[in-house]
Amino acid sequence: MRAQKSESRIQNSEVFVFRLLFWLLASGFWLLTSDAFATTITADHLEYFRSENKYVATGNVRMEKGGSVLLADRAILYDTTSDAEAFGHVTFEDATTLINAERAEMNLDTKTGRLYNTIILIKDRKGGTGQSKGQGSQDIVAKGAFAREGKIEYRIRSDKIEKLSDSHYYAPEATFTTCTDDPSDPDWCFRGEKVDIVVGKKLTTKNVTYRVKGLPVLYSPFLWAPLASDRETGFLFPVFGNSSTKGFQFSPSFFWAIDENKDATFYLDYYSKRGLGKGIEYRYLDFTSKGTWYLYHLRDSELSKTFYEIKGSHDQQLGDIRAFADINYVNEEDFLKEYGRDRNLRIQRFLQSSAEISVPFRNSRAYLLGQHWIDLQNTSSEEPQRLPELGYVVNATSIGPLLFSMTSTATNFIRDKGPKGQRIDISPTLAYSFGDAVRVFQSLSLRETAYNLSNSDPFDSSPHRETFEYRANALTRFTRNYAAATHIIEPSLSFAFIPQTHPLPVFDSAELFNKTAQASFSLYNSLAFRKFSLASTLTQSLNFHAGDRPLAPTALAVSLSGPVTLTYDMSYNFNTGHTETMNTSISTQIIKNTSIRLSEYYSRSGTTQLNAEIASILSKRLMFATNAWYDLKGKGLRDSSFLLRYLQQCWAIDAVFTRKPGDDQRATEYKFTLLVQLKGLEFGGGRGLTLYEFGY
């Protein structure tokens, strides 16, 4: 009897183990194939209520499903619907967001629900490139206090937030910031109503105030902000300002992300004393081409002038064939003087536009070129326009011990006044070099130039020139190595000869191929130490066709690099006893984190200017830079600026004062700009948020 009972128990145990293994295998298969069992729960205490098909977890609750994690002090999960309620220290995290809340009602399948007393962290957003802007933009653009920031995180705080989808949130009222310090009391934030958030795309809100330490300092009826590194269509934050010469300024703009490789930005610039400017910029990029084009129009009521500007560049690669265009056009030279953003734009003499198609061959290339110049001092200039030019260039090619090269062009020149027409210019060159300790280079160039002209007075309608040029250059090097330095001396002697030629109408440098017999001596001297180096070059030329004054101006260039950087160049005319040009620049760090640069530019023809620049990092938070130009020939102070920057962890303020000099037609302009930059926000193409700018 006992044996039968024992055998029966063994059989029952085998059946139980078999059923248990079968149930585990079936359950494991169900876990892999059914969403209903894709949720795992761990907690200090877990109860299951069969009648309601729900789990109640208490203490260190952790729910995981589909790559998302929900943590809480207490949670309820309805197994049939995947609805969950979480209470106390609630945390929800997925790939793009981290949510902290006091209480949450969520569906773990759809990732939708309601969150109470919530902080949402949108993470892993990289800083974008931003959009540029043409001449019609504001004059002062800060350099970007957060240009080196990589990871940028966004924080949204609200008493109640609806999670509408995996990446879509809505809050009746919320605050928004990129500060990473205390989310309950950030250095700055936006507070708005009807806040709509799409993770990876954008944030929009109405009746928004910009707040610094809780204090509202700026109001806007609407705000759009990017929440992605990708470009997004939307309004950029407008620029407000005032200038002593242009009046009140309001400049809204709209960015259109047309495609992954195309975008456009539309601009308006309202000046209360001048009028309304309109601009559009279009950018594109693909595997074989890229380009940027900008058009701007402004009717200046004070000057009674209509300004147009067209700027653009295009680069196209078709196999080995390359085409490019670089267009710079303004219809009035005053445009850059009035609206140019920096000194270089306002003082430049010419604007050049060019377009070229280049076809390479073996060791040579052919090209078709168009070139147009605008004289900004006189738009009715007599500058010849190269429209078009066909050229063929042979690169240096070995022919036995010789090197052969050639340039040849056929050009059509047009202009309003003076000679115009066609020119053919061909110049083949043979070069030969020899020597070891003393290296000698020689070249002989033949040159044929012929014209077909109209308006050619006082020249013939078809002049021509046949001539040649001989050049020779001999140089050597002496080197001496010392324990602390290396000394190099390189003397060279050159000679150039062109026989007698006759005058031709001048279109470019090809006509400046005049009678020459000139010898030049140059001496390069360099002394290099471990921490600094000193170099100088002295050049003296002798012109045999200059009569009783054969000496050309003597040129000297000196450079010093090290703790103090110095560049100096000058030319002195011994025939007249006058210094023709002299340019000096010296820069150094006078104290820790403070550098200074002083420059002088002198020309006997009428220019003497001084430039001073100082930049200093006063602390981790505070820095300044200043720059001033001064004209010693009577015009006094010219362009000048002063920048003071205060930098915090997630915001920065730039205070910039600028002075733009006037002339006989325009008054001197003074402007003060206050620019606030907020970490992670790229309103207006990364230039920060301009609160106000004004002049007097």
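Residues numbered from 1 in each chain as written. Predicted model: local features only at pLDDT ≥ 70, side-chain atom pairs only at ≥ 80, totals over all residues. Heavy atoms only, no water.

J.: Would you mind showing me how to read the overall build of the protein here?
T.: Along its length, the protein carries four helices and 40 strands. Put simply, the protein has 696 residues, and 39% of those count as buried. For the protein, the share of sequence-separated contacts (at least 6 apart) that also reach a separation of at least 24 residues comes to 44%. Of the roughly 37800 Å² of accessible surface on the protein, a fraction of 57% belongs to carbon and sulfur atoms. (Helix = DSSP H or I, 4+ residues; strand = E, 2+ residues; numbered from the N terminus. Buried < 20%, exposed > 50% of the residue type's maximum accessible area, 1.4 Å probe, protein only. Contact = heavy atoms within 4.5 Å. Areas by Shrake-Rupley, 256 points an atom, 1.4 Å probe, with all protein chains shown as cover.)

J.: Please explain the packing of aromatic side chains as it appears in this structure.
T.: Both the distance between ring centres and the angle between the ring planes are used here to describe each pair of aromatic rings. Tallied over the full model, the rule gives 23 aromatic pairs. Aromatic pair Tyr 282 and Tyr 284: ring centres 5.5 Å apart, planes at 35°, arrangement tilted. With relative accessibility at 29%, the residue Tyr 282 sits in the partly exposed group. For Tyr 284, a relative accessible area of 17% puts it in the buried group. (Phe/Tyr/Trp six-rings, centres within 6.5 Å; stacked < 30°, edge-to-face > 60°.)

J.: Help me out: how do you make sense of the pattern of salt bridges in this one?
T.: Where charged atoms from two side chains of opposite charge approach closely, those side chains can pair. Per the counting criterion, the structure on display carries 29 salt bridges. Note that Glu 52 and Lys 54 form a salt bridge whose closest N and O atoms lie 3.6 Å from each other. Among the residues examined, Glu 52 registers a relative accessible area of 44% and is labelled partly exposed. Across the pair Arg 666 and Asp 334 runs a salt bridge, and its minimum N-O distance is 3.5 Å. (Salt bridge = Lys/Arg side-chain N within 4 Å of Asp/Glu carboxyl O.)

J.: Would you mind showing me how to read the layout of surface pockets here?
T.: Rolled over the atoms, a probe with the dimensions of a water molecule shows which regions are left empty. Quantified by volume, the second largest pocket comes out at close to 730 Å³. Surrounding the second largest pocket, 22 residues form its lining, Lys 337, Arg 346, Ile 347, Lys 635 and Arg 638 being those nearest its centre. When residues of the lining of the second largest pocket are traced back to their parent elements, those giving at least two are helix 3 (343–347), strand 35 (607–617) and strand 37 (636–647). Among the residues making up the lining of the second largest pocket, the classes are represented as three nonpolar, eight polar and 11 charged. (1 Å grid on protein atoms, 1.4 Å probe; cavity = no way out; pocket = protein on both sides within 12 Å on 5 of 7 lines; lining within 4 Å. Points joined across faces, edges and corners; volume = space filled by probe spheres on them. Nonpolar A, V, L, I, M, F, W, Y, C, P; charged D, E, K, R; others polar.)

J.: Before we go on, may I ask you to explain the environment of Arg 465 in this structure?
T.: Among the secondary structure elements, Arg 465 is positioned in strand 26 (residues 464–476). In this structure, the C-alpha to C-alpha distance between Arg 465 and Glu 511, residues 46 residues apart in sequence, is 9.7 Å. If we ignore the near neighbours within four places in the chain, the residues touching Arg 465 are Asp 425, Arg 447, Glu 448, Thr 449, Thr 501, His 502, Leu 504, Ala 510, Glu 511 and Phe 513. From its side chain, Arg 465 meets the backbone oxygen of Ala 510 in a polar contact 3.1 Å long. (Polar contact = N/O pair within 3.5 Å; in protein donor to acceptor, adjacent residues only side chain to side chain.)

J.: Got a minute to help me understand the pairing of strand 4 (residues 68–78) in this structure?
T.: Along a regular strand, successive side chains alternate from one face of the sheet to the other. Across 10 bridges, strand 3 (residues 54–65) lies against strand 4 in antiparallel orientation. Across the sheet, the residue bridging to Val 61 is Ala 72, located in strand 4. Taken together, strand 3 and the strand that follows it, strand 4, pair antiparallel across an intervening segment of two residues, in which Gly 66 is found at a positive phi of about 55°. Pairing of strand 4 with strand 5 (residues 83–93), which is carried by eight bridges, proceeds in the antiparallel orientation. Note on strand 5: the bridge partner recorded for Tyr 78 is Asp 83. In this antiparallel pair of consecutive strands, strand 4 and strand 5, the connection spans four residues, and Ser 82 shows a positive phi of 65°. (Pairing = 2+ DSSP bridges.)

J.: Please explain the nonpolar core as it appears in this structure.
T.: Soluble, globular proteins show a tendency: their nonpolar side chains are buried together. Formed by 40 residues in total, the largest nonpolar core has its most connected members in Met 63, Leu 70, Ile 122, Ile 156, Tyr 169, Phe 176 and Ile 197. Once residues within four sequence positions are removed from consideration, Tyr 169 is found in contact with Thr 97, Ile 99, Leu 115, Ile 120, Ile 161, Glu 162, Lys 163, Val 195, Asp 196, Ile 197 and Val 199. (Core = buried A, V, L, I, M, F, W, Y, C linked by side-chain atoms within 4.5 Å.)

J.: Explanation requested: the side chain of Lys 54 in the structure shown.
T.: Among the structural elements, Lys 54 can be located in strand 3. In this structure Lys 54 touches Glu 47, Tyr 48, Phe 49, Ile 76, Leu 77, Tyr 78 and Asp 79, once residues within four positions along its chain are discounted.

J.: Even after reading the chapter, I still don't get unusual backbone geometry, so can you show me in this structure?
T.: The bulk of non-glycine residues show a negative phi, and the bulk of peptide bonds are trans. Each neighbour pair has its own omega, and for Leu 387 with Pro 388 the value is -10°, a cis peptide bond. If you trace the backbone, Pro 388 turns up in strand 22 (residues 385–399). In the segment running from Asp 457 into Pro 458, the intervening peptide bond is cis, with an omega of 5°. By the element assignment, Pro 458 lies in the loop between strand 25 (438–454) and strand 26. Even without a glycine there, the phi angle at Lys 194 is positive, about 50°. At Ser 304, a residue that is not glycine, the phi angle is positive and equals roughly 55°. Within the element layout of this structure, Ser 304 appears in the loop between strand 17 (289–300) and strand 18 (305–318).

J.: Looking at this structure, how should I read a nonpolar patch on the surface?
T.: Among the surface-exposed residues, Trp 256, Ile 258, Phe 266, Ile 280, Leu 295, Tyr 308, Ile 310 and Tyr 329 lie close enough to one another that they form a single nonpolar patch of about 670 Å² accessible area. When contributions to the nonpolar patch are tallied by element, the ones reaching two or more residues are strand 14 (247–259) and strand 18. Among the structural elements, Tyr 308 can be located in strand 18. Assessed through its relative accessible area of 40%, Tyr 308 is described here as partly exposed. (Patch = residues over 30% accessible without salt bridge, like charges linked within 9 Å, V, L, I, M, F, W, Y side chains within 5 Å.)

J.: Even after reading the chapter, I still don't get the pairing of strand 2 (residues 45–49), so can you show me in this structure?
T.: For strand 2 and strand 3, the ladder comprises five bridges, and the chain directions are antiparallel. Of the residues in strand 3, the one forming a bridge with Tyr 48 is Tyr 55. Linking strand 2 to strand 3, which pair antiparallel, is a turn of four residues; within it Asn 53 sits at a positive phi near 50°.

J.: So what exactly am I meant to see when it comes to the confidence of the model for the protein here?
T.: Predicted coordinates in areas of low pLDDT are best not read in detail. Residues at a pLDDT of 70 or more form 84% of the protein, whose mean pLDDT is 83. Below a pLDDT of 50 lies the segment residues 1–37, which in the model reaches four contacts outside its immediate sequence neighbourhood of four places, other chains included. In this model residues 125–144 is a low-confidence stretch, pLDDT under 50, and it forms 78 contacts with partners more than four residues away in sequence or in other chains. (pLDDT = per-residue confidence, 0-100.)

J.: What is the right way to look at the environment of Leu 295 in this model?
T.: Note that Leu 295 resides in strand 17. Excluding residues that lie within four positions of it along the chain, Leu 295 makes contacts with Lys 278, Gly 279, Ile 280 and Glu 309.

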